[in-house]
Protein chains: 2
Amino acid sequence: MITEDLQILIDNKTKPPGSLGMLETLALQIGEILGTTKPQLINPHLVVFAADHGIAKEGVSAFPKEVTRQMVLNFLNGGAAINVFCRQHDIHLQVVDAGVNYDFESHLPLGKGKIAKGTASFLHGPAMTASEAELCLLKGETVVTEIALKGCNVIGFGEMGIGNTSSAAVLMSLLCDLPISDCIGRGTGLNDEQLLKKQNILEQAITNYKGSKDVAELMAYFGGFELLEMTGAMLAAGKRNMVVMVDGFIATAAYLCAYRMDKNIRNKVIFCHESEEKGHRLLLAHLQAKPLLGLHLRLGEGTGCALAYPLLKSAVNFLNEMASFQSAGIANKS
Amino acid sequence: MITEDLQILIDNKTKPPGSLGMLETLALQIGEILGTTKPQLINPHLVVFAADHGIAKEGVSAFPKEVTRQMVLNFLNGGAAINVFCRQHDIHLQVVDAGVNYDFESHLPLGKGKIAKGTASFLHGPAMTASEAELCLLKGETVVTEIALKGCNVIGFGEMGIGNTSSAAVLMSLLCDLPISDCIGRGTGLNDEQLLKKQNILEQAITNYKGSKDVAELMAYFGGFELLEMTGAMLAAGKRNMVVMVDGFIATAAYLCAYRMDKNIRNKVIFCHESEEKGHRLLLAHLQAKPLLGLHLRLGEGTGCALAYPLLKSAVNFLNEMASFQSAGIANKS
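Analysis parameters
- Residues numbered from 1 in each chain as written.
- Chains lettered and ligands numbered in written order.
- Predicted model: local features only at pLDDT ≥ 70, side-chain atom pairs only at ≥ 80, totals over all residues.
- Heavy atoms only, no water.
- Salt bridge = Lys/Arg side-chain N within 4 Å of Asp/Glu carboxyl O.
- Helix = DSSP H or I, 4+ residues; strand = E, 2+ residues; numbered from the N terminus.
- Buried < 20%, exposed > 50% of the residue type's maximum accessible area, 1.4 Å probe, protein only.
- Contact = heavy atoms within 4.5 Å.
- Buried area = accessible area lost by both parts, 1.4 Å probe.
- Polar contact = N/O pair within 3.5 Å; in protein donor to acceptor, adjacent residues only side chain to side chain.
- Nonpolar A, V, L, I, M, F, W, Y, C, P; charged D, E, K, R; others polar.
- 1 Å grid on protein atoms, 1.4 Å probe; cavity = no way out; pocket = protein on both sides within 12 Å on 5 of 7 lines; lining within 4 Å.
- Points joined across faces, edges and corners; volume = space filled by probe spheres on them.
- Arc of directions from axis to C-beta.
- Pairing = 2+ DSSP bridges.
- Axes fitted to C-alpha atoms, helices over the stretch in contact; angles between N-to-C directions.
- Parallel < 35°, antiparallel > 145°, perpendicular 65-115°, else oblique.
- Left-handed = near helix turned anticlockwise from the far one by under 90°.

**Regarding the pattern of salt bridges**
All names here are of chain B.
- One pass over the structure, following the stated rule, counts 15 salt bridges over all chains.
- Residue D177 pairs with K213 through a salt bridge whose shortest N-O separation is 2.8 Å. Here D177, found in the loop between α6 (164-176) and α7 (180-183), pairs with K213, found in the loop between α8 (192-208) and α9 (215-222); they are 36 residues apart in sequence, far enough to count as distant.
- For K213, a relative accessible area of 49% puts it in the partly exposed group.
- Between R186 and D192 there is a salt bridge, and its shortest N-O distance comes to 2.7 Å.

**Here we look at the interface of chain B and chain A**
- Taken residue by residue, the interface counts 55 residues in chain B and 55 residues in chain A.
- Together, the buried faces of chain B and chain A total about 4400 Å²; carbon and sulfur atoms form 64% of this surface.
- For the interface between chain B and chain A, the tally reads two salt bridges.
- Note that A:R87 is salt-bridged to B:E321, the shortest N-O span being 2.9 Å.
- Where chain B meets chain A, there are 18 residue pairs in polar contact (both at pLDDT 80 or more).
- Only α2 (22-34), α3 (66-77), α4 (81-88), α13 (303-321) and α14 (325-328) of chain B provide two or more residues apiece to the side of chain B that touches chain A.
- It is α13(B) that contributes the most residues to the side of chain B that touches chain A, eight residues altogether.
- Classifying every residue of the side of chain B that touches chain A gives 29 nonpolar, 19 polar and seven charged.

**Brief notes about the layout of surface pockets**
- The space that makes up the largest pocket amounts to roughly 840 Å³.
- Forming the boundary of the largest pocket are 26 residues, of which A:E274, A:L293, A:G294, B:L293 and B:G294 lie nearest the centre.
- For the lining of the largest pocket, the elements supplying multiple residues, two or more each, are α12 (278-286) of chain A together with α12 (278-286) of chain B.
- Estimates place the volume of the second largest pocket at around 500 Å³.
- A:T25, A:Q29, A:R266, A:V269 and A:K290 are, among the 19 residues lining the second largest pocket, the residues nearest its centre.
- At the level of elements, α2 (22-34) and β6 (269-271) of chain A are the ones that each hand at least two residues to the lining of the second largest pocket.
- Considering each element in turn, the lining of the second largest pocket owes the most residues, seven residues, to α2(A).
- Of the residues in the lining of the second largest pocket, the class split is nine nonpolar, six polar and four charged.

**Remarks on α12(B)**
All names here are of chain B.
- Those residues of α12 lying buried are G279, H280, L283 and L284. All buried residues of α12 project into a common sector of 135° when viewed along the axis, lining one side. Among the exposed residues of α12, those oriented more than 90 degrees off its buried face are R281 and A285.
- Where α12 is buried, its residues touch α6, α7, α11 (249-261) and β6 (269-271).
- Immediately beyond the C-terminal end of α12, within one or two residues, lies Q288, with a positive phi of roughly 50°.

**So, the sheet that holds strand β3 (residues 111-112) of chain A**
Residue and element names in this part refer to chain A.
- Spatial strand order, β3-β2-β1-β4-β5-β6: six strands in an open sheet with parallel pairing. The sheet terminates laterally at β3 and β6, the two strands that pair on one side only.
- Its contacts with the sheet put helix α10 (residues 225-239) on β1 (45-51), β2 (92-99), β4 (154-160) and β5 (243-246), and the angle it makes with β4 is roughly 175°.
- On the sheet, helix α13 (residues 303-321) packs against β1, β4, β5 and β6 and is oriented at approximately 140° with respect to β5.

**Some points on the packing of α13(A) against α13(B)**
- Between α13(A) and α13(B), whose axes approach to 9 Å, the crossing angle comes to 155°. Our classification of the angle between α13(A) and α13(B) gives roughly antiparallel. Once α13(A) is placed against α13(B), the crossing between them reads as right-handed. Facing A:L307, A:P310, A:L311 and A:S314 of α13(A), the residues of α13(B) in contact are B:L307, B:P310, B:L311 and B:S314.
- Looking at the contact of α13(A) with α13(B) residue by residue, the classes come out as six nonpolar, two polar and no charged.

Right, dumping it as structure tokens:
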């Protein structure tokens, strides 16, 4: 019903049918999620989950582990890319410490999501316990619940965590049955030799894993705290009929986990961009997802969401503001 | 000098080098055009040139010719897609009557660019005289001069004109030595039969043409008034070191003409999107242009420029506002 009403509205706008391309699909989807032919995007939020990764000590990243903490402070000081783009588009930025290897001062405006000071390395054993994994999902949900209470109906998710493309790549490989070599990329900037090392380490980790293909078990074994909190947050936002913006490779891996837990999330999410990180294109294809942007970004932090957000607004705006053929007295297709 | 300074600034921002992808290229280009490491986009404008086409009467478009006039009135009433997107991004919209087949009331806020009430059909003869073509370039320049006097340093160009994909396709075919079948598309929505008819008509027009491959001669013979005024406007904006945003297929054909007249325009333009109109992808490839967006738009009006504009702002903003590794005390790549 709402779908048909929305489609009629869209088709009667003063433009050739379909000529606004993906914006038309987007307007339809947002209308469906919010359950109205006059959707409004209210109090947009972007949540960046940050955590450290035991696997980082095995040498899978171009940057030292300390950068996770340093970048969290950079977020809080307003100096990172995501700060700039959120300011530009009036998106409220919330940084959540999901498990950074540092005791932040308690007065800092940091979301409370801490599980531990980083995961264990998953090279020889699980990154976290089953309880910790469950706690991640709940903490992610809590973050969203608090934000939803502020009237927010559109929310994006990003991350910061040196080493987290490794978690995402292994989860992708095992959940999608794809070779790890197709799932890994240069992350923040590995050279050829370092990339090969990353591949070897992750292959070894997969060989060492003796568990099942159950998504919850895989998430606990290979996950990052930020990745799993994102999964919990996405599931919660989807259940609340919020418009969910998915960022790059790690966020899409978190979405993959969420989707395996609850297929209803599918229609609630908007894939914001295709990252330059190699595995992302393949993962998006696996998910039959068509992202809005393709700017060769590979930064994370939710930057793809923030940059795509004006397109969501454009979709809503054309639906609400454009004249119809009838109202403008314009001849339709001959 | 400015290029090196900009690159150092960009590389020292708190992100892995290159991780902002096309936004980094964009920041560099905008800094180069405006000649500063602290670029600001000032008083953005979007100009829509509108005109009618004699070729439309041969049956090359899905919409009747009257739609050009009706859409101009829709622009003036604020009801078209371009109005919505310009409002969203605080872009000043200027509509110019380059040659619509209608006498608009003189009190309307319509830019004065009128050459005649539409071109002649180029099926059996030239669309306009050489003097009219020259006048188009000058009127386009005048429009830009007046806008530049308002302090504007970033300007996009769009168009409205039933039949104008035919002009653009023939100019592309002859200037790029490509078969017309590769250059035409469905425009505002032709079906297979109508598309074949369009191809036959344009092939006939090309066969009937006995002139040279000189760009000025081709522009007069096959051009539209709005297309040529856009060419003049782009050349003028480039000469004034304004940031020039190029919209879809017709605007890119206008750029092609501008480039053949003055190669210096190349570094001043930003290709905003890749249109769904078939010839556009090929034309962009021919120009080695990598557009910012690919949303399957095929509307024209400058909508791609308006939708891409926030990305230009993001590029400028990250350059001006992000912390550097030094200022944020963050470890660089190991």
